[in-house]
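Here is what each chain is made of, one letter per residue.
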Amino acid sequence: MASDFFERIYKIIQRIPKGKVATYGQIAALAGKPHAARAVGWALNNTPPQLDLPWQRVINASGRSSFDEETKRKLQQALLKKEGVKFDKSGKVDLERFQWNGK
DNA sequence: AACCTGACTTCGG
DNA sequence: TCCGAAGCCAGGT
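A short tour of the structure in this document, coming up. Note that the structure is a prediction, hence the values are computed from the model and not measured.

The rules behind the values
Residues numbered from 1 in each chain as written. Chains lettered and ligands numbered in written order. Predicted model: local features only at pLDDT ≥ 70, side-chain atom pairs only at ≥ 80, totals over all residues. Heavy atoms only, no water. Helix = DSSP H or I, 4+ residues; strand = E, 2+ residues; numbered from the N terminus. Rg over C-alpha atoms; globule rule 2.2 N^0.38 Å. Contact = heavy atoms within 4.5 Å. Areas by Shrake-Rupley, 256 points an atom, 1.4 Å probe, with all protein chains shown as cover. Buried < 20%, exposed > 50% of the residue type's maximum accessible area, 1.4 Å probe, protein only. Phe/Tyr/Trp six-rings, centres within 6.5 Å; stacked < 30°, edge-to-face > 60°. Axes fitted to C-alpha atoms, helices over the stretch in contact; angles between N-to-C directions. Parallel < 35°, antiparallel > 145°, perpendicular 65-115°, else oblique. Nonpolar A, V, L, I, M, F, W, Y, C, P; charged D, E, K, R; others polar. Near = heavy atom within 4 Å. Polar contact = N/O pair within 3.5 Å; in protein donor to acceptor, adjacent residues only side chain to side chain.

## Examining the overall build of chain A
Along the backbone of chain A there are five helices and two strands. Sequence-ordered secondary structure for chain A, helices as α and strands as β, is α-β-α-α-β-α-α. Taking 103 residues into account, the globule formula puts the C-alpha radius of gyration at 13 Å, and chain A, at 13 Å, falls close to it. Of the contacts made within chain A by residues no fewer than 6 positions apart, 65% connect residues no fewer than 24 positions apart. As displayed, chain A has an accessible area near 6,600 Å², and 50% of this comes from carbon and sulfur atoms.

## Overview of the side chain of Gln56
In this structure, Gln56 sits in the loop between α3 (37–45) and β2 (58–59). For Gln56, a relative accessible area of 9% translates into the label buried. Residues within four places of Gln56 in sequence aside, it is in contact with Gln76, Leu79, Leu80 and Glu83.

## Comments concerning the packing of aromatic side chains
Inspection of the entire model under this criterion finds four aromatic pairs. Centre to centre, the rings of Trp55 and Phe67 are 6.2 Å apart; their planes meet at 90 degrees, and the pair counts as edge-to-face. Of this pair, Trp55 sits in the loop between α3 and β2 while Phe67 sits in the loop between β2 and α4 (70–82), and the two are twelve residues apart along the sequence. Since its relative accessible area comes to 32%, Trp55 is described here as partly exposed. You can call Phe67 partly exposed: its relative accessible area is 32%. By way of ring pairs, the aromatic residues Phe5, Phe6, Tyr10 and Trp42 are connected into one cluster.

## Let's talk about the packing of helix α1 (residues 4–15) against α3
Contact pair α1 / α3: the axes reach a minimum separation of 11 Å and the direction vectors enclose 80 degrees. As summarised for this structure, α1 and α3 are arranged roughly perpendicular, according to the angle between their axes. Residues Phe5, Phe6, Ile9, Tyr10 and Ile13 of α1 pack against Ala39, Val40, Trp42, Ala43 and Leu44 of α3. Partitioning the contact of α1 with α3 into residue classes produces ten nonpolar, no polar and no charged.

## Considerations on the side chain of Glu83
Locating Glu83 in the fold gives a position in the loop between α4 and α5 (95–98). Residue contacts for Glu83: discarding those within four places in its chain leaves Lys18, Gly19, Gln56 and Arg57.

## Side note on the protein's contact with DNA strand B
The full set close to DNA strand B counts 13 residues, and Tyr24, Arg38, Trp55, Asn60 and Ala61 are the nearest of them. When the atoms of DNA strand B within 4 Å of the protein are sorted by group, sugar and phosphate make up 39%. Separating a phosphate oxygen of DNA strand B from a backbone N or O atom of Gly25 is a distance of 3.4 Å. Among the elements of the structure, α2 (24–30) and α3 are those that each provide at least two residues to the surface near DNA strand B. The dominant element in the surface near DNA strand B, judged by the number of residues it contributes, is α3, at five residues. Residues that form the surface near DNA strand B fall into these classes: six nonpolar, six polar and one charged.

Below you can see the structure in the form of structure tokens.
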């Protein structure tokens, strides 16, 4: 578990400012592995809750929540809305506007 | 080492 | 918009 890759991912996610979002692929790229989007998802799914990571700010390349269950999608959207991120009717985020620039 | 699964992404149809 | 297939990475249900 204690791989550098994970450490980098955690740090990167913690750098995402409130009111902004990032995609799995983007995080993977910042972590040094442009094609490890899936691994990022795996990492998040296995992240200890006590780390208090803003996981809600991580969404897929379509600007949507990747959860199957609607209850979880709603939760994620609710948390983001509270931070100022807006969703359209279909539950999509305007990435052009809310995606974190990486700085 | 091989095989499977997954909070992914991209391309076609 | 929706679905399937292929490519990619890490860990082991």
